[in-house]
Amino acid sequence: DEIDIDIQEAMDLADSGRKIRGMETGLVRIDQTLGGIERGDRYLVVGLSNVGKTWRALQMVRRAVEQGERVQIFMRDGKDKEHIIRLYADMAEVELGFLLGGNQKGNERAIRLERLREAKARLSQMGIYIDDSADTIQEQNAIVRRMVKKHGITGTMTDFFGRERSVGFKNSDKTAMLASVAEEWASGIDSFKGKLFGIMLAQANQLDFRVGQPLEK
């Protein structure tokens, strides 16, 4: 059975310690179980609120661009942007608490903010692009098509499933809208015929499933 062969191959890979097939994520159990992430595949990252989904996904993105990928990130609210600031701070080696706190002295603040701007520019040069304007999944897919042509992006990350709307659906019809968003997202990734990977984050309370053990702690 083809499925059994794939499962056995994944188990053998995890046991052997061989080099993974796709891009390393830096999350050991994910790399061992999935063999890394690969273009053409779609990844739904599901977890309860405030368990670190966004930060782990951003680390996966950073690891991907270090391996030559170029990634478009879609984020919608202020909390998400704090994660982006955290990523900038990590790149610039600036203390996160200092950036988010309110007790910075003028001169020191200016120096650290300049390092933060340099980190932001460096991320763009590396191939990480961030958009917070797309209001619908159709707009998001249009941006992806444009960024593939303009910057050669090879992956996307969306935070998160449930915030995106779909043209033609009312907010009151949440179930149908989410189904449309999922379908549009999947078909958008698939339309690039193996040249693009997609990472979508989702909160556990939005999906009907039983929470198991986390892949990473």
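In the block above lies the structure referred to throughout.
Cut-offs applied
Residues numbered from 1 in each chain as written. Predicted model: local features only at pLDDT ≥ 70, side-chain atom pairs only at ≥ 80, totals over all residues. Heavy atoms only, no water. Salt bridge = Lys/Arg side-chain N within 4 Å of Asp/Glu carboxyl O. Helix = DSSP H or I, 4+ residues; strand = E, 2+ residues; numbered from the N terminus. Buried < 20%, exposed > 50% of the residue type's maximum accessible area, 1.4 Å probe, protein only. Polar contact = N/O pair within 3.5 Å; in protein donor to acceptor, adjacent residues only side chain to side chain. Contact = heavy atoms within 4.5 Å.

Enumeration according to the criterion identifies four salt bridges in this entry. Measuring nitrogen to oxygen at the nearest pair gives 3.1 Å for the salt bridge that ties Arg63 to Glu24. Taken as a pair, Arg63 in helix 3 (residues 53–66) and Glu24 in the loop between helix 1 (2–16) and helix 2 (28–34) lie far apart in primary sequence, 39 residues in all. Given a relative accessible area of 31%, Arg63 falls into the partly exposed group. One salt bridge connects Asp190 with Arg42, and the closest N-O pair in it is separated by 3.0 Å. Residue Asp190 is located in helix 8 (residues 174–190), and its partner Arg42 is located in strand 1 (residues 42–47); the two are separated by 148 residues in the primary sequence. Looking at Arg42, the relative accessible area reads 41%, which means it is partly exposed.

Our next topic: the side chain of Thr136. Along the polypeptide, Thr136 turns up in the loop between strand 3 (128–131) and helix 7 (137–151). Given a relative accessible area of 5%, Thr136 falls into the buried group. A polar contact of 3.1 Å, which involves the side chain of Thr136, links it to the backbone nitrogen of Glu139. Contact partners of Thr136, with chain neighbours within four places excluded, come to Glu164, Arg165 and Val167.

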